[in-house]
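# Fold and contact review
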Amino acid sequence: MKKKNWLHTILDAATLCKGKITLSILFAIISVFGGFVPYIGVYHMLCIFLEGTPTIEKILMWSGVCLVGYVIKLLFYGISTTLAHISAYTILEQIRLKIMEKMMKAPLGVILNETSGKLKNIIVDRVETMELPLAHMIPEGISNFLLPVGVFVYLFFIDFRMALAALATVPMPAVIFMVMMRNFNKQYTDYMEASNHVNSVIVEYVGGIEIIKAFGQSTDSYKKFATAVNSFKDYTLAWFQSTWKSMNFIMALLPSALVGTIPVGIWLYLEGSLTVAEFAICLILSLGIITPLMWFTTAINDIKMIEYAVNDASKLLDLEELPNSDTPIVLQSYDVSLSNVSFSYGGKNGQENALTHVSISIPQGSFSALVGPSGGGKSTVARLITRFWDVGSGMIKIGGVDIRKIPFSQLTAMISFVTQDNFLFNCSLLENIRLGNPKATDEQVYESARQAQCDEFIRKLEKGYKTTAGEAGGRLSGGERQRIAIARAMLKNAPIVILDEATAFTDPENEDKLQKSISALTKGKTLIVIAHRLSTVKDADQIIVMEKGRVIRKGKQQELIKSCALYRDMWETHIGTKKWAAGSGGKENAYV
Ligand code: ADP
């Protein structure tokens, strides 16, 4: 996909607030015109005094004109700034919403591969850095541009030579500035890299502080942290030092317009082509012509800041979307089949295949188990069935239909994927379970919880079902959290259940309950279990043995023990462990 220019991204996000931006620009222009009025007023007052005809009325009138101009300037500038701020926040909101929308459409696997810290940094922090420059760009940019242009035109009408004299100090600083900025892009890129490096070192240091302390690595880790912070300081300081002499010279010389306007003005006055009043107003105006232009020296930095933030956001905005269909499909069955499926996590970038020519057929209502050594591709099969990613080649079908032709909403509705990662949202346990089916009544939620064996322990909590996951957090065991996830899946009541069997939470007293809740969940469903403990799947209709991304053998327990050496080894090891565990009080149960 072609990368979008950062300015396009901003303009796209600004479509909702086009009207406000236009008004903001218009009001900023009116404000600049208001700002001119006092100069005109002062000029006329000077003329009145120099002509020797001052009267209270005339002075009051011109003072009033100056005041009205000043009020217009302030008022319209205020409105313009307010509209610009509203627009900036709208743009930020739109970019964030577009990122969230993109995350819903991008392959889920790609999103899960990013750390939540990195996603949060882009969506919250990086996008936020655009607010200030964006909000100030319109009113300040316009006034700082139009004011000097207007002053220049005004001077030009008085005497073009005075207009040119006002710019006498511009060329030399401009050349110095351009020379100074010739490496700006590279320097800014280096600066951002250094800043990112410091950020990641800090995050790592803070995140790993427990381990650093526990293993007495404080000194070494602190050294890495301190070196990163120091080298960032050295880098920024060196950049600053390389520019401060030129910058100070520019800042001193640029606004000294009087260097040009005083001698030229005196010469024109003596020559008779400039009146005293004109001379005076030219001097006053020339003082205001350059200073606003200096705003643009800092604006370059601000624009870069926006560019970098947008480019960071684009890493998410430009994610490839999984093709999706909108037409629901009527499925004849919930058979699942993989035909000749190959897949690599690196896409076409040469990473080794996680799956190679995998063909599996899972009839509706049957129980299939995926077993094999770690890294064999079991979870990848499950993730591809749920379309976390699309297959590299081959095809996955449900009810005979390629899953790429089934709308996402329909596909997600027909599959319950219970993983070991039982995330609970920080809302009540009732709502956490109801996520499985937002339309379910409280009674239905209780019923699912009862079947999943969590009703009892939830009711024992002080606030029962109203306890939030945060409040319950520390008190819920791994097994209990998993049963809540199962209750959620039960409420969803999807015809296909994929279970990434948890081994981490198998404390003996919960084991029995966990098995009961799993049995309730999977009754009558097309069931696919990624099994770590073979005894839990020994009664499966088919056991699929996977190794190194390939299906080694398929069959029932007894057949595999006879015909598949890998399975036999795994079974014997498992039985050995089981006996050992049984000796120390462990218990095993089959799923169905
Ligand atoms: P299993 O579930 O059998 O342990 P997986 O399906 O998780 O195996 O892994 C199969 C292969 O794919 C392994 O080589 C693993 O390193 C790789 N892999 C798994 N998940 C990812 C991922 N998110 N990104 C890149 N490679 C992955």
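In this report, we go over the structure that sits alongside the text. (Residues numbered from 1 in each chain as written. Predicted model: local features only at pLDDT ≥ 70, side-chain atom pairs only at ≥ 80, totals over all residues. Heavy atoms only, no water.)

### Side note on helix H13 (residues 276-317)
- Taking 1.5 Å of rise per residue, the 42 residues of H13 would be expected to cover 62 Å, and the 61 Å separating its terminal C-alpha atoms lies within 8% of that figure.
- A bend of about 35° at Thr298 is the largest found in H13. (Helix = DSSP H or I, 4+ residues; strand = E, 2+ residues; numbered from the N terminus. Expected span 1.5 Å × (residues − 1). Bend = angle between axes of the 7 residues up to and from the residue.)

### Examining the pattern of salt bridges
- Across all of its chains, the model carries 21 salt bridges by this definition.
- Taking the shortest distance from any N to any O, the salt bridge between Lys105 and Glu101 comes out at 3.7 Å. Taken together, the positions of Lys105 and Glu101, both in helix H3 (residues 56-105) and four residues apart, correspond to about one turn of that helix.
- Residue class for Lys105 comes out partly exposed when judged on its relative accessible area of 37%.
- For the salt bridge of Asp312 with Lys315, the shortest nitrogen-to-oxygen distance reads 3.0 Å. One end of the pair, Asp312, and the other, Lys315, are both in helix H13, three residues apart, so they sit about a helical turn from each other.
- Owing to a relative accessible area of 14%, Asp312 belongs among the buried residues under this scheme. (Salt bridge = Lys/Arg side-chain N within 4 Å of Asp/Glu carboxyl O. Buried < 20%, exposed > 50% of the residue type's maximum accessible area, 1.4 Å probe, protein only.)

### Structural notes on the pairing of strand E7 (residues 496-500)
- Burial analysis of E7 places five of its five residues in the buried class, which makes it a mostly covered element.
- Burial along E7 is two-sided: the face carrying Ile496, Ile498 and Asp500 and the face carrying Val497 and Leu499 are both buried.
- Direction of pairing for E7 relative to strand E8 (residues 526-530): parallel, over a ladder of five bridges. Among the inter-strand pairings, Ile498 is bridged to a residue of E8, identified as Ile528. (Pairing = 2+ DSSP bridges.)

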